[in-house]
Amino acid sequence: MTATLPTLATDRLILRPWRDSDLAPFAALNADPEVMEHFPGTLSAAAAGKLAAGIRADMAERGFGWWAAEAPGVAPFIGFIGLSVPSFEASFTPCVEVGWRLARKYWGRGYATEGAREALRFGFEELGLAEVVSFTALPNTRSQAVMRRLGMTHDPADDFDHPALPEGHRLRRHVLYRLRRPAPGA
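Asker: Quick one: what's the story with the side chain of Asp22, residue by residue and with numbers?
Answerer: Here Asp22 is to be found in the loop between strand 2 (14-16) and helix 1 (23-30). The residues contacting Asp22, other than those within four sequence positions of it, are Arg16, Pro17, Ala68, Pro76 and Phe77.

Take a look at the structure:
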C-alpha cells in the first residue's frame, strides 16, 4: 500500500516529499565530515543515493518519514527533518523518532528546531502518537540542545549503547530524549 505523502509548512520551511533534484545536495551534505561528525563516517554519493531511496520508500509506505527540508528564498534543499521508525531493537523500541540532518551552512538558524516542532505536531495530531523519542551519540551536544528546545526530557537511565556500533566505538553510547503528546488544552 502506498500512502499519501503530506507536505508540512512552517514560517520558514517546507517539509516535502523528495525530488530527484535533492540527490546531489544530499550527497554533498553526507560527504561533509563536519555534518557526519557524530555518525560512523561520511557517505559516498552512491551510499547517499541508496539512503535517499530508502527514505523515499519508507515515506511511501508509512506516509511520513524524513521529509526533504526546503527553505523558500534561501535554498530548495537544506537537508531533512522528520519522523522515522528506527530499524534496530532497544529497550524503547518500537517507537517513532524525530530527527534532522542539515547542511552545515544552515546550522545555527533555528531550522532544525522549527522543522522538528512541525514534525512533532504532525506526529501527535495527525498520527495520534502518544510519545516521540530522539537520540544521538553522547558527544553530539548540538542535537541535544535542539531536543531540549523541543521540550524533550532526558533520563540518563534511558541512555543506551547503539547496537549497530561495535563495543569500544567512540559513538556507541547514545542519549535518549522523550516527549509525550501534550494533554488536550495544554
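Asker: Describe the packing of helix 1 against helix 2 (residues 45-62), with residues and values.
Answerer: In contact at an axis separation of 9 Å, helix 1 and helix 2 are set at 120 degrees when each is read in the N-to-C sense. In terms of orientation, helix 1 lies oblique with respect to helix 2. Viewed along their axes, helix 1 and helix 2 form a crossing whose handedness is right-handed. Along the contact surface, helix 1 presents Leu23, Phe26, Ala27 and Asn30, while helix 2 presents Ala45, Ala48, Leu51, Ala52, Ile55 and Arg56. Across the contact of helix 1 with helix 2, the residue classes break down as 8 nonpolar, 1 polar and 1 charged.

Asker: Can you tell me about helix 1, naming the residues and giving the values?
Answerer: The complete set of buried residues in helix 1 reads Phe26, Ala27, Leu29 and Asn30. Each buried residue of helix 1 sits inside an arc of 165 degrees when the element is viewed along its axis, so together they form one side. Looking at the packing, one finds that the buried side of helix 1 touches helix 2, strand 4 (75-84) and strand 5 (97-102).

Asker: Residues and numbers for the environment of Ala46, please.
Answerer: Here Ala46 is to be found in helix 2. Between the alpha carbons of Ala46 and Ser91 there is a distance of 32 Å; along the sequence they are 45 residues apart.

Asker: Tell me about the pattern of salt bridges, and name the residues and values.
Answerer: Under the definition given, this model contains 15 salt bridges. As a salt-bridge pair, Arg172 and Glu167 come within 2.6 Å of each other at their nearest N and O atoms. Judged by relative accessible area, Arg172 falls into the buried class, the value being 17%. Members of the salt-bridge network, linked through shared partners, are Arg16, Arg19, Asp22 and Glu70.

Asker: Hey, could you go over the environment of Leu8 for me, with residue numbers and the actual values?
Answerer: Along the polypeptide, Leu8 turns up in strand 1 (residues 8-9). Among the residues examined, Leu8 registers a relative accessible area of 4% and is labelled buried. For the pair Leu8 and Ala119, spaced 111 residues apart in the sequence, the C-alpha separation amounts to 7.8 Å. With sequence-adjacent residues up to four places away left out, Leu8 is seen in contact with Leu13, Ile14, Leu15, Trp67, Glu118, Ala119, Arg121 and Phe122.

Calculation notes
Residues numbered from 1 in each chain as written. Predicted model: local features only at pLDDT ≥ 70, side-chain atom pairs only at ≥ 80, totals over all residues. Heavy atoms only, no water. Helix = DSSP H or I, 4+ residues; strand = E, 2+ residues; numbered from the N terminus. Contact = heavy atoms within 4.5 Å. Axes fitted to C-alpha atoms, helices over the stretch in contact; angles between N-to-C directions. Parallel < 35°, antiparallel > 145°, perpendicular 65-115°, else oblique. Left-handed = near helix turned anticlockwise from the far one by under 90°. Nonpolar A, V, L, I, M, F, W, Y, C, P; charged D, E, K, R; others polar. Buried < 20%, exposed > 50% of the residue type's maximum accessible area, 1.4 Å probe, protein only. Arc of directions from axis to C-beta. Salt bridge = Lys/Arg side-chain N within 4 Å of Asp/Glu carboxyl O.

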